[in-house]
Amino acid sequence: MKKLLLLSMGCVALWGAAQQVTVVERTRLLQDVEGPAYHPVLNVDGSRLLFASGEQFGLKMYSYDDNVVTRVSDEAGAGIDAFWGGDGKAYYVTQERRQNNLVFRTGHCYDVAAQRSQVVLEAQHGAVRPMPATRGAALRGNASYVSGKSLGTAVTTQGSEVVLTVGSKERRFTPVDSDAGYLWASLSPDGQRVAFFAAGSGIVVMDLNGNVLAQLGNYEMPCWLNDDYLVAQNATDDGHQFTSSQIILLKADGTFRHELTRPTSMTMQPTCGGGKIVYTTIDGQLHQMKIQINP
């Protein structure tokens, strides 16, 4: 990625509603410690951060408690779709190219306490989709892995369907039209709503019965800050490369939008946890932000 000079990332308010948003903290993470870092993922309480690093997008983990970075995997692709399960473990998928140029993907689970990874889904040809859950995790593919008998509530996407598991029952919904499919499904902290991206429609919020509650606009990579607000990426491109990218705050009912960084900042890939917002830049600089929302 071409390195760009970052301009000021002060927030720009849109005063269409009563809320007032104040940035109370903005810091650079792991400066002069790590090289370019992408695809950050905070755990629920914001104490640990997964991120992709290196030319092969291997997986590393940063612990806020002891200020230590742990190398989880150097295998190709490990950091791209890594996620936290409801059991506190990290799940990730690696990939390798075999005969006839076929790509095979393998599922792994990293136990933070034991500091050890194990293969939980043997190599297979075809997509393997992450499925975070309130009690664990699943990896969905031609063959699948489930971390336990009950996942609680879990969600993923497959084509133009939201695949939702509640208890032992699986439900599939297509609440809005999207010829190019859905991505980035996630549960609200209270477990009662799902936010996802539908190509051509943008971010959609629905309930557990597939009813559309709000459509928030044509933004990407939604993540829940809390039960009332989400953070997302607002990017534009010319068909070949990004021309702008910023982090925005969205109210889950669609009534409020606020710019947290400027379009020229080229900030992207937001993640939330424990009141923190972490994101990266086009050249791989990790940043952290905390905000205060006043009614």
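Before reading on, note that the structure itself is shown above.
Let us look at the pattern of salt bridges. Note on pairing: side chains with opposite charge can pair once their charged atoms come close. For the structure on display, the rule yields 10 salt bridges. With a closest N to O distance of 2.8 Å, E161 and R172 form a salt bridge. Separated by 11 residues along the polypeptide, E161 in strand β14 (residues 161-166) and R172 in strand β15 (residues 169-173) bring together distant segments of the chain. Exposure remark for R172: the relative accessible area of 35% places this residue in the partly exposed category. Salt-bridge contacts for D190 lead to R193; the nearest nitrogen and oxygen are separated by 3.3 Å. Salt bridges sharing common partners tie together R140, E161, E170 and R172.

With that settled, the discussion passes to the environment of P270. Looking at the secondary structure, you find P270 in strand β24 (residues 267-273). When the C-alpha positions of P270 and T281 are compared, they lie 10.0 Å apart, and in sequence the two are 11 residues distant. Discounting residues that sit within four places of it in the chain, P270 has contacts with M221, C223, V231, A232, Q233, I247, V278 and Y279.

Let us look at the packing of aromatic side chains. Here the structure, examined in full by the defined rule, presents six aromatic pairs. Judged by centre distance (5.6 Å) and plane angle (25°), the ring pair of F83 and Y91 falls under stacked. Residue class for F83 comes out buried when judged on its relative accessible area of 7%. Y91 gets classed as buried once you look at its relative accessible area, which sits at 1%. Connected via pairs of aromatic rings, a cluster forms that spans F83, Y91 and Y145. It is R98 that lies over the ring of F104; its NZ or CZ is 4.4 Å from the centre. Directly above the ring of Y64 sits K276, whose terminal nitrogen or CZ lies 3.3 Å from the centroid.

In this section: the sheet that holds strand β12 (residues 145-146). Taken in spatial order, the three strands of this open sheet run β10-β11-β12, and their pairing is antiparallel. Unpaired on one side and paired on the other, β10 (129-132) and β12 mark the two borders of the sheet. Direction of pairing for strand β11 (residues 137-140) relative to β12: antiparallel, over a ladder of two bridges. Among the inter-strand pairings, A138 is bridged to a residue of β12, identified as V146.

Take the sheet that holds strand β4 (residues 58-63) next. Sheets are built from strands that pair by backbone hydrogen bonding, the pairs being arranged parallel or antiparallel. Strand order in the open sheet formed by four strands is β2-β3-β4-β5, with antiparallel pairing between adjacent strands. One side of each edge strand has no neighbouring strand; the edge strands of this open sheet are β2 (37-42) and β5 (68-73). Direction aside, neighbouring strands of the sheet carry axes that sit 25° apart on average. Where strand β3 (residues 48-53) meets β4, six bridges bridge the pair, whose relative direction is antiparallel.

About the criteria used
Residues numbered from 1 in each chain as written. Predicted model: local features only at pLDDT ≥ 70, side-chain atom pairs only at ≥ 80, totals over all residues. Heavy atoms only, no water. Salt bridge = Lys/Arg side-chain N within 4 Å of Asp/Glu carboxyl O. Helix = DSSP H or I, 4+ residues; strand = E, 2+ residues; numbered from the N terminus. Buried < 20%, exposed > 50% of the residue type's maximum accessible area, 1.4 Å probe, protein only. Contact = heavy atoms within 4.5 Å. Phe/Tyr/Trp six-rings, centres within 6.5 Å; stacked < 30°, edge-to-face > 60°. Lys NZ or Arg CZ within 6 Å of the ring centre and 35° of its normal. Pairing = 2+ DSSP bridges. Axes fitted to C-alpha atoms, helices over the stretch in contact; angles between N-to-C directions.

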